[in-house]
Amino acid sequence: MAFRFAARTLLELGKELISSDEVALYELIKNSVDAGSHKAPLSKIEIEAQVILPHSVYSRALEKLAEGVDPKEVLKEIRAGMVSTAPREAMERFLASLERNVSRGARFLTALVSLYSQYNWIEVRDAGKGMSLRDLDEVFLTVGTRSRRSDNIKGAQYLGDKGVGRLSTMRLGDRLLVHSTTAGQPFWGRLRINWSLFSHDSETPLEEIKVEPIKGRMKSDPEASGTTIRISALNADWTPGRFDDVIRGKIARTIDPFTSKANELLVVRHNGARVVIPRVPKKLTDAAHATCNIRFYFDPKTEEPVLEADLNYQLRNKARSVRFRGVEIYSMAQRDSKRRGKRGHAAFENILIRSNALVDLGPFEADVYWFNRAVVRAIEGLTDKQQETRDQIAQWSGGPMLYRHGFRILPYGEPGDDWLALDRNAFGESGFKLNRQQVLGRVLIHSSHLALSEQTNRQGLIESDAESALRKMLMVILHVELRGLINEADEFETVKKREAEEAAMDFRQSQHDVETVLDELRMHLGPDQIGLGNRLGEAVDTLVTQCAAAVRKLDKSVAQSVDEREKLLHLAGIGLITEFIFHELDRAVRHTMTALVNARASQQQSALRALEDQLVTLQKRVSAFDELTGERRQTKTNFDVSEVIEYVLQQHENEFERHNIQVIKPERGRLIVKAVRGMFIQILENLIANATYWLKLQSRYQNGFEPQIKVSIDAETRVVTVEDNGPGVDPARGETIFQPFITSKPAGQGRGLGLYISRELAEYNDWQLYMDKTPGLHREGRLSMFVIDMGGE
């Protein structure tokens, strides 16, 4: 016994997979491209529509006839509603046939249905390799055939390989006529399908509806090949206005509109009149207020992934180039994973992508153009008025569109699609102007369908590490780098009170995560371990209380501060340290959870004891907030720099040991400075936490890597340095990384405030914090050392 399907299932499938007339037409274009992909140069694809009677007028006529209205009255409405641009001869034949049947009762209805199908059609023609009679039977009539998928596996570049594009014909009309032939076949194959037989009212099993190709007329040229698909009995209005909107609107965006490729490939006519497909005017992109050119590739020498971007803010005559490589890219490309938090609280975690995911993604390029619509002007040679320029922008905006081999992957860049979260960030963050109505552009990928496969319903790429990496890389360039350049040039970006308060209380999210895992952990405890589990819960509560009290205490201690900005910096700085601590706590509890599940009973107790010890250590770190949050927080005192460094490094000893990080401490010696001791602790915490993050990631992706952190003191020059042998920083970003909200860490791993706040705290003490400008200390062409220059103290 096998599954059996009602014929109407095919209609339902087509409706789900082909969501609009525009998508249907685009699928037919792609099929024609694939049919000619073996030819060079590719021959033209012709799209021709003949529309004499709009579908809406036809439908009203059928309704009135069903209601018993006199056919003569119906004919008058038909005559009045005919398309004025229709071919005169065809229009006259159409009307003459109706007039001959106007007094014949039911025959008028039959004639109307037949004539509507005969004179209203859309044809797509190509001179590609075509289909043999056997192909029509075994390939075209097989929904889901994988014939092109196997060719794509071998290196072909077919645009479609799922075998469902042919369902687009049922979307456009109820009748299908296919003529096709291959070189060497002496005749044309012909296939007719009446899609109305598959209607929703029919319970007929699919296999009982016979559809069979037959031999057609003989060919004058035996070597001729190609396919003509005619769709008739159209299901929608294809008036000149709508046809023009579809071709010059949606279809113009499906074939890379930043080139002239569409008009080189397609010849489009409606009732005999040529429809020229527009492209994005170069004068428009040249007038963009900011541009961003992105390139991702693999270094031929090291095989490391490289992400480059040239940013140009023409409106302010500012430019910047950025380059990320290796582990920096794996960091930004981490995937977000949503997990259920305590009491339904939403929680997220970042998951590292597979090391070969970037290979699957392959090289890509992107060009993005941003317009400040408030200040756009007429563009010489293109528009005469400001509004005309805005209309041009509106025609092509919506965010970057995605293309494979020059053909669009839907729906990226559509009105309802915000795949790079431009609108969400634009309207959710102060000063961020990059909303989709002001952005147009393209992303060009070259990977195969096997690595970046499209969903069958044409709703984007299937979720994967490679797809996530593509989005995340683009988002870092646009949200972090381009935003930073624009806001820096406009002198707009500062840390606002809301952002400082959010940073200060960020540990609350991690608190929810920890409590959730702790609840799960208790479920694995035996009767003799319940007491220890309760003590762990109490310790977490104490830690939470300490952190919240530290923030409140700081807020109170600076409430009378004359400098509101100083207050905000300290709030955010405390938030960063509490977040470091709770990330560490979350990791410790999860590690213990894994140990409990996998360990023997004798080992479980030691795992719980180890967690308890780690909680004590974390509580000591929080207790040190008194140094940062007390009433005398702003008082400068004399202290020994080496003692503070030793203290901070001790707090991280467990983490260093766990990740095999070698720490080279400064040689014994004294450097006495007069400064705010708590601020120096904050600066060191940020630098050490950053170094540890990147070293852990480098170890994950580089076999045999031996992570190292080195802290040095030069008492003579009064300089402290912190360096590591991780991925380093591109020299071009040596200063940029100290700007607010600049980060290449994923969401949840950093706000991009750490280095900005650290520099501000250093300047409060008349110090300088910067990156040493010497590249290549640990990695070729990269900066690796932070310098705290206390010489100005």
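Residues numbered from 1 in each chain as written. Predicted model: local features only at pLDDT ≥ 70, side-chain atom pairs only at ≥ 80, totals over all residues. Heavy atoms only, no water.

Observations concerning the nonpolar core
Piece 1. In terms of nonpolar packing, the biggest core is built from 88 residues, with L53, I78, F94, L112, W238 and L266 touching the most fellow members.
Piece 2. For this core, the leading source of residues is helix α2 (residues 21–35), giving seven residues.
Piece 3. Other than its neighbours up to four places away in sequence, F94 contacts I52, L53, I78, M82, L112, L115, Y116 and Y119.
Piece 4. Among the nonpolar cores identified, the runner-up in size contains 55 residues, and A309, V327, I409 and V480 belong to it. (Core = buried A, V, L, I, M, F, W, Y, C linked by side-chain atoms within 4.5 Å. Buried < 20%, exposed > 50% of the residue type's maximum accessible area, 1.4 Å probe, protein only. Helix = DSSP H or I, 4+ residues; strand = E, 2+ residues; numbered from the N terminus. Contact = heavy atoms within 4.5 Å.)

Focus: unusual backbone geometry
Piece 1. Along the chain, L410 connects to P411 via a cis peptide bond; the corresponding omega equals 5°.
Piece 2. The phi torsion at A233 lies on the positive side, around 50°, for a residue other than glycine.
Piece 3. Within the secondary structure, A233 sits in strand β6 (residues 226–234).
Piece 4. Note on A233: relative accessible area 10%, which makes it buried.

A word on the packing of aromatic side chains
Piece 1. Counted according to the given criterion, the structure contains 13 aromatic pairs.
Piece 2. Plain terms: the ring middles of Y58 and Y116 are 3.8 Å apart, the flat faces sit at 5° to each other, and that makes the pair stacked. In this pair, Y58 sits in helix α3 (residues 55–66) while Y116 sits in helix α6 (residues 106–119), placing the two residues 58 residues apart along the sequence.
Piece 3. Among the residues examined, Y58 registers a relative accessible area of 10% and is labelled buried.
Piece 4. Residue class for Y116 comes out buried when judged on its relative accessible area of 2%.
Piece 5. Measuring from centroid to centroid gives 4.6 Å for Y412 and W419, while their planes differ by 50°, and the two rings are tilted.
Piece 6. Classification of W419 as buried rests on a relative accessible area of 9%. (Phe/Tyr/Trp six-rings, centres within 6.5 Å; stacked < 30°, edge-to-face > 60°.)

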